[in-house]
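Close look at the chain arrangement
Spelled out from the first residue to the last, the chains are:
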Amino acid sequence: MFSSNSRNTAYGLYILESNLMGYGKNLFTGATWSNSGWSGILGYIDPALFNTNSRLNLFLIYKNFIYRNGDLEGYMLSEYKSVEKTIRLDIGQGFKNRYFIYASGGYESHNVDSNYNGSFNIPRSQEDFKAGLLFNINRLKYYEYLFYGFVMQSGFYEHIPADENSEGYMTSEFKMDWSFKVFSFHRISLSAFGFYGDTPVIAEKRIGGRQGFRTIPADIITSNKYASGTVSYELPFLRYNWGAVTLLAFWEHGVFKSNEDLKNFHGPGAGILFYMKRLAIPALGFNYARNLKTKRNEFSVSAGFTF
């Protein structure tokens, strides 16, 4: 994978075994390098635990990054280096291979590196155990290179301090995408994203530059309370034996809380995406968006799957 925007460039390699030892288990690992640091992940997914409808997910994640936090105008408010470790285990049940509910638990740590010379306005380190419930719906249908249908993910977590210097808090998160096929495989999509929690500063979500937040600066915007909605239209422009080239137009509108202030954003965007046949994520994509609130433009390019 490869991704780049006006503030960061990242390269990565991920390897997936989708039928481990012939038993239909998924094992994957990989790492990403950028001019801000690197991250690695190891994951195991068992979609039929002990040959039943029960499911198991296990994720181990390590990050070592220099983080820069800023505002909508791109002004830097803080900079620090942090090492993050995550262990997460989900055990759940699937129904009709569309509806899934999980009991989830794990451990998270965000530790500031005090030896980094470029630090200013350093947040406090955080270490906690977490327990919660996840509920997912997946009713997608794939047609060679695009998917259509409904997908939703939601989660609720209680975070329990792992040491006396950390805080306890609760979080809830929601993601939804509903896509319709019109004309000859054109796609209209409605997307929504939401998060709510009294998250410590160092554990806040980085929302800029992602789907639903493409009109705000990438990588530097953090928040612990946000909501966003996007309407998009994608049409196949060119079709080949290997896949298709599509044109994308979208409008997004949202609000987020940062440094106790409520900010809103809205604006249009466009893109050109390259799909490989039987691969329902863009193999290559270019996106351009304009924030009508700040009159600023954002541009990004990505190749392969990005996390």
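Coordinates for the structure precede this section.
These lines cover the structure that appears in this document, whether it is placed above or below. Here the structure is a predicted model, which is why all the values come from computation and not from measurement.

On to the overall build of the protein, then. Counting secondary structure elements, the protein contains 0 helices and 18 strands. Computed over C-alpha atoms, the radius of gyration of the protein comes to 20 Å, within 12% of the 19 Å expected from 2.2 N^0.38 for 307 residues, which places it in the range of a compact globule. C-alpha atoms of the protein, sized along the principal axes, occupy 55 × 55 × 30 Å. Looking at the 307 residues of the protein, the share that counts as buried comes to 43%. Within the protein, contacts between residues at least 6 apart in sequence are counted, and of these 51% link residues at least 24 apart. Of the roughly 16,400 Å² of accessible surface on the protein, a fraction of 59% belongs to carbon and sulfur atoms.

Turning our eyes to something else, we now look at the layout of surface pockets. There is about 340 Å³ of room inside the second largest pocket. In this structure, the second largest pocket is lined by 18 residues; those nearest its centre are Val201, Glu204, Thr222, Ser258 and Asn259. Contributing elements (two or more residues each) for the lining of the second largest pocket: strand S5 (54-70), strand S6 (76-95) and strand S15 (243-258). Classifying every residue of the lining of the second largest pocket by side-chain character gives 4 nonpolar, 9 polar and 5 charged.

The subject of this paragraph is the environment of Asn224. Within the secondary structure layout, Asn224 lies in the loop between strand S13 (222-223) and strand S14 (225-239). According to the relative accessible area criterion, Asn224 is buried, its value standing at 11%. Aside from chain neighbours lying at most four places away, what touches Asn224 is Phe195, Tyr196, Gly197, Asp198, Thr199, Glu204 and Lys257. Of note is the side chain of Asn224, whose polar atom sits 3.4 Å from the backbone oxygen of Thr199.

This part covers the nonpolar core. Core analysis: the biggest nonpolar cluster contains 11 residues, these being Leu72, Phe193, Phe195, Ile207, Phe213, Ile216, Ile220, Ile221, Tyr226, Phe256 and Phe265. In this structure, Ile207 is in contact with Phe213, Ile216, Ile221, Ser223, Tyr226 and Phe256, ignoring residues within four places of it in sequence.

Basis of the calculations
- Residues numbered from 1 in each chain as written.
- Predicted model: local features only at pLDDT ≥ 70, side-chain atom pairs only at ≥ 80, totals over all residues.
- Heavy atoms only, no water.
- Helix = DSSP H or I, 4+ residues; strand = E, 2+ residues; numbered from the N terminus.
- Rg over C-alpha atoms; globule rule 2.2 N^0.38 Å.
- Buried < 20%, exposed > 50% of the residue type's maximum accessible area, 1.4 Å probe, protein only.
- Contact = heavy atoms within 4.5 Å.
- Areas by Shrake-Rupley, 256 points an atom, 1.4 Å probe, with all protein chains shown as cover.
- 1 Å grid on protein atoms, 1.4 Å probe; cavity = no way out; pocket = protein on both sides within 12 Å on 5 of 7 lines; lining within 4 Å.
- Points joined across faces, edges and corners; volume = space filled by probe spheres on them.
- Nonpolar A, V, L, I, M, F, W, Y, C, P; charged D, E, K, R; others polar.
- Polar contact = N/O pair within 3.5 Å; in protein donor to acceptor, adjacent residues only side chain to side chain.
- Core = buried A, V, L, I, M, F, W, Y, C linked by side-chain atoms within 4.5 Å.

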